[in-house]
Amino acid sequence: MATVLAIAEQRDGSLRRVAHETVTAARTLAESVGGETHALLLGGAGVESLAPELGRFGADTVHVGTADVLADYQPDAWASAVASFVKEHGFDTVLFAATSTGRDLAPRVAARLDVPLASDAVELETEDRALRITRPVYAGKAMATVVVDAEPRLVSLRPNVFTPIERAGAATVSSFQPVTGESRVRLRERQQATGGQLDVGEATIVISGGRGMQGPERWQILEELRDAFGGRAALGASRAVVDAGWRPHAEQVGQTGKTVAPALYIAVGISGAIQHLAGMRTAGTIVAINKDPDAPIFKVADYGIVGDAFEVVPKLAEAIRAHVT
Amino acid sequence: MKIYVCIKRVPDTAARIRIASDGVSIDAAGVKYIISPYDEFAIEAALRLKEKQGEGEVVAVTVGSAAAAEQLRGALAMGADRAILLKGEPGWDGLETARALAAALRDAGADLILFGMKAVDSDQQQVGPMVGEMLDLPCITVAADVEVEDGIALCHREVEGGVEVLEAPLPAVVTMTKGAIEPRYASLKGIMAAKKKPLEEKDAQLGAGRIRLEKLSLPADRKEGRVVGEGPDAVAELVRLLREEAKVI
Ligand SMILES: Cc1cc2nc3c(=O)[nH]c(=O)nc-3n(C[C@H](O)[C@H](O)[C@H](O)COP(=O)(O)OP(=O)(O)OC[C@H]3O[C@@H](n4cnc5c(N)ncnc54)[C@H](O)[C@@H]3O)c2cc1C
Ligand SMILES: Nc1ncnc2c1ncn2[C@@H]1O[C@H](COP(=O)(O)O)[C@@H](O)[C@H]1O
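For the structure given in this document, a descriptive report is provided here. (Residues numbered from 1 in each chain as written. Chains lettered and ligands numbered in written order. Predicted model: local features only at pLDDT ≥ 70, side-chain atom pairs only at ≥ 80, totals over all residues. Heavy atoms only, no water.)

## Some remarks on empty space enclosed by the protein
(1) Moving on: Taken as a whole, this structure holds 6 cavities of 30 Å³ or more when the rule is applied.
(2) Moving on: Lining the largest cavity are 37 residues; nearest its centre among them are A:Ser100, A:Arg103, A:Lys258, B:Met117 and B:Gln125.
(3) Moving on: Counting residues per element, the ones that place at least two in the lining of the largest cavity are α4 (100-113) and β9 (130-137) of chain A together with β7 (139-143) and β9 (152-159) of chain B.
(4) Moving on: For the lining of the largest cavity, a count of residues per class yields 10 nonpolar, 13 polar and 14 charged.
(5) Moving on: Considering only enclosed or pocket space, the second largest cavity measures out at about 360 Å³ in volume.
(6) Moving on: Considering the residues around the second largest cavity, the lining is formed by 27 residues, among which B:Lys8, B:Thr97, B:Ala119, B:Ser122 and B:Val127 are closest to the centre.
(7) Moving on: Elements with a contribution of two residues or more to the lining of the second largest cavity: β4 (57-64), α3 (94-105), β6 (112-116) and α4 (127-134) of chain B.
(8) Moving on: Partitioned by chemical class, the residues of the lining of the second largest cavity number 12 nonpolar, 11 polar and 4 charged. (1 Å grid on protein atoms, 1.4 Å probe; cavity = no way out; pocket = protein on both sides within 12 Å on 5 of 7 lines; lining within 4 Å. Points joined across faces, edges and corners; volume = space filled by probe spheres on them. Helix = DSSP H or I, 4+ residues; strand = E, 2+ residues; numbered from the N terminus. Nonpolar A, V, L, I, M, F, W, Y, C, P; charged D, E, K, R; others polar.)

Now the structure itself:
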């Protein structure tokens, strides 16, 4: 029987939204071939309390592996734990989330299992037993549809693309002792910057600022707009403002930054260069605010406002606040 | 210190991508090729390490067709000491590219092997850590910089809401993202010197690959958008559309 395994990402004691997405996608895949859905949940002590939630998003069985070294993401320990678990059980397909953690983890697991990895899928389609994976290439300027001729088929899924579906369901929970091996990469220090803000690659709403924002001190209006959405939104940036040192590179959206697919993308003072569009054109809805009516960003925006960011954005934040609360 | 930098020849990021008539490749006519931008960060990081230590060797390596020699010359012009062209056509399976690189680097005596975090054509973000695993070396991905102190590689890595400082004993693999440094331009002198630097060619040990490309297509065009209005007065209508039409808030 076909079995699909979802690697469930958790952090600081809660499942991440991408875990719901990965498990739901695994379920859809398993159902299309009459198979079973499994989820792998790794972490420190206590992580098993998250297992029922994975059941509600479609897992038949949740495998829980706890170890102190797994409390935080640690490449060697996680790669070893996942690879040896998959090797022991043998799945047809293993799904990861293409988050910063998943992008670090999946290729290591692939190499350990000696199977290829299809990264950052935006569409999965089964036909008989074949799995067709569609993924953006050339920074989103083209789509490649590929088939993996190996088992297990390793695929990572772009965050925010696969919609999580909650249902009434309970999973069987099975605990095991993960094989963690030795860790060669050591975390010397963690410098907390903005304190637990959502990553631009994973947020369902992204507000990006460009050179039209005129200076780093003027980001406050974008922060207020972000906060108006109540914790679902993250800030992004164009390369021009990252190069100018106004914003950190972690926020850069585009060909040499992050590729994002939020439900809502708001581009403020961004012209819409091809390399920027490459990173956000798969967003659900795109809003552009730009004072130049001929800016290329308006060609991809579902809704545009021609105007001065410093007049429009505070108004928008106010309207969203009134709406959300 | 011996530093290897793995670089890939890719279409210029400004290039418009057109699908060729075979449906599985891009139309290369008029497309300029460059060193993948993240790989340039890796070259720059390698050159700075060598300069700082006052000794060492920087070797650029690629798996590619004869045309990829152009990108190796580019790396030599920036300042790399020599280059290796592993001849073969890299496909869509990064594991095979990794295998070819690992085979070439296994006994090369590298202290540090640098990669870009991803190649901007395949967008897989996988070859670096795969090589790390194959050579059984510690690997740090998506590093903004790399320093070497007492046989240890030290990197900053941006993570959600902060920065991690990671360390790994040499020899190690590091994949680079954009950090505070800009890759240097090749000077005229550098370009002249590059012509005389050694560029070794050998066949890549490249398997067939198990990721089969069925088709390439252009992303669906976004439907024609509209300008809702001008200035702050348009905000109310925008919010209504977001709520009622797009249903995103
Ligand atoms: C190899 C390579 C890789 C690249 N990768 C990326 C990438 O990953 N991401 C990326 O973003 N770019 C990337 N670029 C850069 C890209 O080509 C553009 O230069 C960049 O996106 C421009 O940023 P911008 O839109 O903020 O600035 P600009 O192009 O200068 O646009 C500023 C906009 O703000 C508007 N404006 C000005 N004042 C106001 C105001 N008061 N209110 C409202 N609007 C205002 C202007 O009308 C203008 O449209 C890359 C380039 C290269 C060569
Ligand atoms: N054909 C290649 N030759 C040399 N290095 C490569 C090749 N393909 C990928 N790489 C390296 O691996 C990195 C990641 O590539 P990818 O996994 O394809 O996104 C690139 O930035 C390069 O450093």
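## Thoughts on the site of ligand 1
(1) Moving on: Looking at ligand 1, there are 27 residues lining it, with A:Ser238, A:Thr256, A:Ser271, A:Gln275 and A:Asn290 nearest.
(2) Moving on: Looking at the residues close to ligand 1, they fall on chains A and B.
(3) Moving on: Contact between ligand 1 and A:Thr256: a nitrogen atom at 2.7 Å from a side-chain N or O atom of the residue.
(4) Moving on: Within the side chain of A:Asn290, an N or O atom sits 2.7 Å from an oxygen atom of ligand 1.
(5) Moving on: Protein chains shield 79% of the accessible area of ligand 1, which is 990 Å² for the free molecule.
(6) Moving on: Tallied by class, residues from the shell around ligand 1 come to 6 nonpolar, 16 polar and 5 charged. (Near = heavy atom within 4 Å. Polar contact = N/O pair within 3.5 Å; in protein donor to acceptor, adjacent residues only side chain to side chain. Areas by Shrake-Rupley, 256 points an atom, 1.4 Å probe, with all protein chains shown as cover.)

Worth remembering: the numbers are spatial, not functional.
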